[in-house]
Amino acid sequence: MNGRPGTSGPSRRALIGAAGLGAAALTAAASGVAHAADSRTASGSSARRRGHTFLAAAMDAYPDHGTLSLTQSYADQANLFSTAFTYDNALAILAHLAVRTEDGETRAVALGDALLYAQANDPAYDDGRLRQAYNVGPYVFFDGVAQPDGFVRADGTANVGTQFGFTGTAVGDMAWAGIALSALARRTGKRRFLDGAVRIGTWIEVNGGTDQPLGGYKFGVDGANVKLPFSSTEHNTDLVCLFGRLAKLTGDPVWRERRARARAFVEKMWEPAAGTGAGAGTGSGGFFYTGTNDGVTVNKFPIPEDTQTWTHLALDSRRYSGSLDWAGAELAVLDRSDRTNSTVPAGQSYEGATFSSASLVANEDAPIAEFQPRPNRNGVWFEGTAHLALALRDRAGRGDEARAHRLIASIERAQELLGTGQTVGGRALPERAGVVSATSPLDTGFGFGYYPYRHAGATAWYLLAATRTNPLRA
């Protein structure tokens, strides 16, 4: 999610939209059980291949604009043109590595080199930062002004996404890029990727460190390089992983100290019992709040999904694993055509998780944002659904694998049936390839929405869940 501590905070997404076997089954003949298992394996393998095919198509959308590029984040129909979010590309690197094919590793390395190029060729700064997003192909903006360049502009600088204002640098985006580069360093042994990750970690320490009461790391800077005052649970969770990886890869103990600082912030966001704040819900097992606006007071609403699942993946602590039960119970949704404002075709239904506790009480009579449709309170957020499936598989408690299977099956059904006829760079996407970000228009509660457009981030998280790849374990 690359989160927001409060409803007023900026986000990388702020402008987007511009069951297990039953008793009867256990008595089946051995050959029948084997056949069913083989069928599921074959189906899942095909779905994973098609997910990877989508990521490849989104990466190759502008072949006439150079071989150095990033992956377009959304299908053209999202009206974000050739925007490539840094976060989505970090996920694409991790997903390409997770599929463990020669093409996957080649693509991961190419995307890693593109991030390093952006880091070394920013149009204004030389301090190791990456921007929220870049343009990777030409388009004509809504105001009629043409954007003619690919990822590399004519003057050799990286093509920052200025048209939508995606010019700031968030700690979470940087952390994910560092996680991806550190994964490449481990896989390939290439020093350049570790050096890039260290530069990212250093930028975060300089620009995000704080001595406020709640501690941890702040959000980052806006496009004018002004430091933002709030701190995100999700960002600090990302740093638990990044700093832990840097400690192992470099052997420098300073990264362990920084990891401890980030983790301490995350643990302060833990609510050990059912919350009492508005919209907190009544689920058992506790949950994590979203962060703080001022470094002093904890924000208690909305409560997002990913601060429940990413914390489990990063902290590896049974003490906090009840957050998965909270997310699975309190943020569960089922979308179908008879739901208010649903865009799901008749006869289809999808289960999963929504974005936050605010999504469940969104105003269904008003548009999510200007020029956008009205929300469906039951819209399934597939990126978060994949987070939850992977975290359940990682926890491996009683019933967790069965629940994860159902969630992954819902995502794979969406890949088959939703987002048909969409394009990237004006080119038709491969059929049944790529996961839409949401089943129906979904209000996150943080000032932006998700819509049924094929999405690199959602597809990458699906591949991570399907391959049991935990990207946040240091």
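Before reading on, note that the structure itself is shown above.
From a predicted model like this one, the values you see are computed outputs, not experimental measurements.

Got a minute to help me understand the side chain of Q72 in this structure?
Within the secondary structure layout, Q72 lies in the loop between α2 (30-59) and β1 (83-85). For Q72, a relative accessible area of 0% gives the class buried. A distance of 2.6 Å separates the side chain of Q72 from the side chain of Y62, its partner in a polar contact. Side-chain polar atoms of Q72 contact the backbone oxygen of Y74, separated by 2.8 Å. Setting aside chain neighbours within four positions, we find Q72 in contact with A58, Y62, F81, S82, T83, A84, V136, V424, G425 and A456.

What exactly am I supposed to notice about the pairing of strand β12 (residues 332-336) here?
Within a regular strand, the side chains alternate between the two sheet faces. Burial of β12 is one-sided: the residues V333 and D335 facing one way are buried, the residues A332, L334 and R336 facing the other way are not. Two elements, β12 and strand β13 (residues 349-353), share five bridges in a ladder whose sense is antiparallel. In the sheet register, L334 faces β13, and the bridge partner there is E351.

Looking at this structure, I do not really get the pattern of salt bridges. What am I missing?
Oppositely charged side chains can pair when the atoms bearing their charge come close. For the structure on display, the rule yields 23 salt bridges. For E401, the salt bridge identified is with R393, shortest N-O distance 3.0 Å. Here the residues in one salt-bridge network are R50, E416 and R432, joined through shared partners.

Looking at this model, I keep getting lost on the sheet that holds strand β11 (residues 298-299). Mind explaining?
What holds strands together in a sheet is hydrogen bonding between their backbones, with the strands either parallel or antiparallel. Read from one edge of the open sheet, three strands run β7-β10-β11, paired in antiparallel fashion. The sheet terminates laterally at β7 (231-232) and β11, the two strands that pair on one side only. Judged from the two bridges that link them, strand β10 (residues 291-292) and β11 form a sheet pairing that is antiparallel. Looking at the pairing, T292 lines up with V298 of β11.

Looking at this structure, I do not really get the side chain of N135. What am I missing?
Following the sequence through the fold, N135 ends up in strand β2 (residues 133-135). Within the local environment of N135, its side chain forms a polar contact with the side chain of Y139, the two groups lying 3.2 Å apart. Apart from residues no more than four positions distant in its own chain, N135 is found in contact with S82, T83, Q147, G150, F151, N159, V160, G161 and Q163.

Explain the packing of aromatic side chains to me, please; I cannot follow it from the model alone.
Centre distance and the angle of the planes are the two values used to describe a pair of aromatic rings. In total, this model carries 32 aromatic pairs according to the counting rule given. Ring plane angle 85° and centroid distance 5.9 Å describe the contact between Y87 and W176, whose orientation is recorded as edge-to-face. Placement of Y87 in helix α3 (residues 86-99) and of W176 in helix α5 (residues 171-188) is noted, with a sequence separation of 89 residues between them. Like W176, Y87 is buried. For the ring pair Y117 and F151, a centre distance of 6.3 Å and an interplane angle of 55° mean the geometry is tilted.

Sorry, what's going on with the nonpolar core here?
General note: in soluble globular proteins, nonpolar side chains tend to be found buried as a group. L70, W176, I204, L239, L242, F382 and W461 are the most contacted members of the largest nonpolar core, which has 110 residues in total. It is α5 that contributes the most residues to this core, eleven residues altogether. Setting aside anything within four residues of it in sequence, one finds F382 in contact with Y350, S410, I411, A414, L418, V435, V436, S437, A438 and T439.

What counts and how
Residues numbered from 1 in each chain as written. Predicted model: local features only at pLDDT ≥ 70, side-chain atom pairs only at ≥ 80, totals over all residues. Heavy atoms only, no water. Helix = DSSP H or I, 4+ residues; strand = E, 2+ residues; numbered from the N terminus. Buried < 20%, exposed > 50% of the residue type's maximum accessible area, 1.4 Å probe, protein only. Polar contact = N/O pair within 3.5 Å; in protein donor to acceptor, adjacent residues only side chain to side chain. Contact = heavy atoms within 4.5 Å. Pairing = 2+ DSSP bridges. Salt bridge = Lys/Arg side-chain N within 4 Å of Asp/Glu carboxyl O. Phe/Tyr/Trp six-rings, centres within 6.5 Å; stacked < 30°, edge-to-face > 60°. Core = buried A, V, L, I, M, F, W, Y, C linked by side-chain atoms within 4.5 Å.

Shape descriptors only; they carry no functional weight alone.
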